[in-house]
Amino acid sequence: MDYKKLAELLFPNITKTPEDYEREYPERNLPEGAVVTRIGPSPTGFVHLGNLFNAIIGERLAHQSGGVIFMRIEDTDTKREVPGAVKILIDAMTQFGVFFDEGATVDGDNGSYGPYRQRQRKDIYQCFAKQLVEKGMAYPCFCTEEELEQMREHQKENKQNFGYYGEYAKCRDLTYEQIEEKISSGIPYVLRYKSEGCSENSVKVYDAIKGDLEIQENYIDLVMLKSDGIPTYHFAHVIDDHLMRTTHVIRGEEWLPSLPMHVQMFDAMGWEHPLYCHTAQLMKMDGTSKRKLSKRKDPELGLEYYDSEGYLVETIWNYMLTILNSNYEEWRMANPDAAYTEFKFSLEKMGSAGVLFDLQKLNNISKEMIASKDAEFIYGELLSWAHKYDEEFAQILEANKDFAKGAINVGRNGAKPRYDLVTWKQSREFLSFYFDELFKREDEFPENVDKDTRNTILTKYIEGFDINDDQETWFGKVRAITEELGFAVRPKDYKKNPEMYKGSVVDVSNVIRVATTGRLNSPDLWEINQLFGDEKVRNRIKKAIEK
Ligand code: GLU
């Protein structure tokens, strides 16, 4: 067959040559060892934790080596596309501290290796596809969905490998005339790669995370261009990563099964493939077993979650780096104040098995991170979170600026600082009792103290209350009430002889605590009183005394 003629028949409008593109996108002029990498998200509107996970790896590898990270929008699947998704992606990445040197912008491109949206690169793919047709390495396939379905049924019945190959690759043998006739009668077709591979063969590929891999050679005639002339991911990423001069492909391990196709395509094009880095799946503990994070079950799989819960970007990075590099935690302990950019990130220190994403651990890091910040900073962050997610709280914070900072600081300055604030959403709940607008009694008064006794405790407390008392004097007064009303000053006395007392000092304190804060657990009450001031303390107690 005259393949050149076939190529002209299939791509009459493609006039550029592969050489033109090679010239248009030359080798990058970067320092030795510079990593060029990318993230290639699909614009589905959902920004996945995995997107950030891979972006963080890419960002570190690129920027610590003087290289480049770019964002390429992989929009070949129009069915999954959501309007505005590119903006959502860019905003999310920026917000989580990943900045791209080049790539898609909301309404265009930044960089000289674009366009960075695959659908805008149709001519480029077709040019390289045309070249493969000219070489007799690709051919049009007119098989219908029904025919392909029948093929699958047949393969299933005969327990054969699935796919378009060997005797099943019917369109491989069409003559030029047959092809021409089908095309002129308007029959739709896809373009397939003519694989010379064999299922018995294996090929070796080195993966920077998984190590040496021995994979089955691809023997399937994969679809390169769909019937609308748009490429499949398999073909598109090969062309793109070559022309964009990508050195490292960092992507989820769900792509491992199609790796044989990809290395075969690179070979077919006569190009060296980039270094593949297949990252492990993000897992979580579910009871006692580990499972993959699921979009349906786990809100923490979407990046939006971390924004709405309110985590600092620094916290997310610290946690991500902790699970990404086995030596990060140790480095962090030795360098508590260093910026994470000072850590030398390496692919060798990455685990190749499923990565456990543990919200509990993230929260621990978050607590410590917040505890290390001053009240001014915390106030600012909390306020921006509130403006986005809880305007009522934002107004309260603004109207009580100094008081709010004081509330943030309660319990943080002593020998054993408290770690009360975990996320901004949780902080809003935690801090709510300080503000009269949000205050409510969340816990019941101790059950073993009857209403009259409770009222007596509170009345006596308020009679003796003096805002100028130091902590010891204040507590001395609580102790005096305890004794006077027949409660044990030492909890263990009450435990030993419960019949002798109404309860212990714990109960008396709890009555006062619930009256003041609405809760059985709170930071130090004396400190809270100091922040409240005389009038507010008296008001809270008076309100708690029931008629
Ligand atoms: N578009 C692919 C995805 O969303 C990207 C894979 C890659 O980075 O090559 O999973």
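Notes on the structure follow. Positions within a chain are numbered from 1, following the residues in the order the chain's sequence is written. The model is predicted, so local features are restricted to residues of pLDDT at least 70 and side-chain atom pairs to those at 80 or more, both for listing and for counting; the totals for chains, interfaces and linings are taken over all residues. To obtain the side-chain values, all non-hydrogen atoms of the structure were used and water was disregarded.

### What about the packing of helix α5 (residues 122-134) against helix α9 (residues 259-269)?
Orientation is described by lines fitted to C-alpha atoms, with helices fitted over the stretch in contact, and by angles between N-to-C directions that extend from 0 to 180 degrees. Under the DSSP-based scheme used, a helix requires at least four consecutive residues in state H or I and a strand at least two consecutive residues in state E, with every element numbered from the N terminus. Where α5 contacts α9, the two axes come as close as 11 Å, and the packing angle between them is 75°. If you check the angle between α5 and α9, you find them roughly perpendicular. Here F128, Q131 and L132 of α5 lie close against α9, whose contacting residues are M265, A268 and M269. By definition in this entry, angles of less than 35 degrees are roughly parallel, angles greater than 145 are roughly antiparallel, angles of 65 to 115 are roughly perpendicular, and the rest are oblique. Residue contacts are counted whenever heavy atoms from the two residues lie within 4.5 Å of one another.

### A closer look at the site of the ligand
Residues in close proximity to the ligand include R38, G40, S42, E74, Y233, R251 and W255, which together make up its full environment. Here a polar contact is taken to be a pair of N or O atoms separated by no more than 3.5 Å, where protein atoms must pair a possible hydrogen donor with a possible acceptor and residues adjacent in sequence count only if both atoms sit in side chains. In this structure, an oxygen atom belonging to the ligand sits 2.6 Å away from a side-chain N or O atom of R38. The separation between a nitrogen atom of the ligand and a polar side-chain atom of E74 is 2.6 Å. For the accessible areas, the method is Shrake-Rupley and the probe is 1.4 Å, while residue cover comes only from the protein chains on display. For the ligand, whose free accessible area comes to 300 Å², the fraction covered by protein is 82%. A 1.4 Å probe that fits but cannot get out identifies a cavity on a 1 Å grid over protein atoms alone, an open set with protein on both sides within 12 Å along at least five of seven lines counts as a pocket, and a residue lines either if it has an atom within 4 Å of a point. Whether a molecule sits in a cavity or pocket is decided by its atoms, more than half of which must lie within 2 Å of the grid points. Most atoms of the ligand, that is more than half of them, are within 2 Å of grid points of the largest pocket. Here the shell around the ligand is built from residues that sort into two nonpolar, two polar and three charged. Working definition: residue near molecule or strand if any one of its non-hydrogen atoms lies within 4 Å of it. Throughout, the ten residues Ala, Val, Leu, Ile, Met, Phe, Trp, Tyr, Cys and Pro are labelled nonpolar, Asp, Glu, Lys and Arg are labelled charged, and all others, Gly among them, are labelled polar.

### Digging into the pattern of salt bridges
Definition used for salt bridges: Asp or Glu carboxyl oxygen within 4 Å of a side-chain nitrogen of Lys or Arg. Inspection of the entire model under this criterion finds 40 salt bridges. Between E300 and K284 there is a salt bridge, with the nearest N and O atoms lying 2.8 Å from each other. One end of the pair, E300, is in the loop between β13 (289-292) and α10 (304-309); the other, K284, is in strand β12 (residues 282-286), and 16 residues separate them in sequence. E300 gets classed as buried once you look at its relative accessible area, which sits at 4%. One network of salt bridges, with partners in common, ties together R38, R72, E74, R121, D240 and D241. The buried label goes to any residue with under 20% of its type's maximum accessible area, the exposed label to any with over 50%, and the partly exposed label to all in between, with areas taken from a 1.4 Å probe on protein chains only.

### Brief notes about the nonpolar core
Nonpolar side chains in soluble globular proteins generally cluster together in the buried interior. Here, nonpolar core refers to any group of buried Ala, Val, Leu, Ile, Met, Phe, Trp, Tyr and Cys residues whose side-chain atoms link them within 4.5 Å. Judged by nonpolar contacts, the single largest core of 112 residues is most densely connected at M224, F235 and Y306. With residues up to four places along the chain from it excluded, the contact list for F235 reads Y125, F128, A129, M224, L225, M265 and M269. Core analysis: the next-biggest nonpolar cluster, separate from the first, contains 53 residues, L382, A394, F445 and V537 among them.

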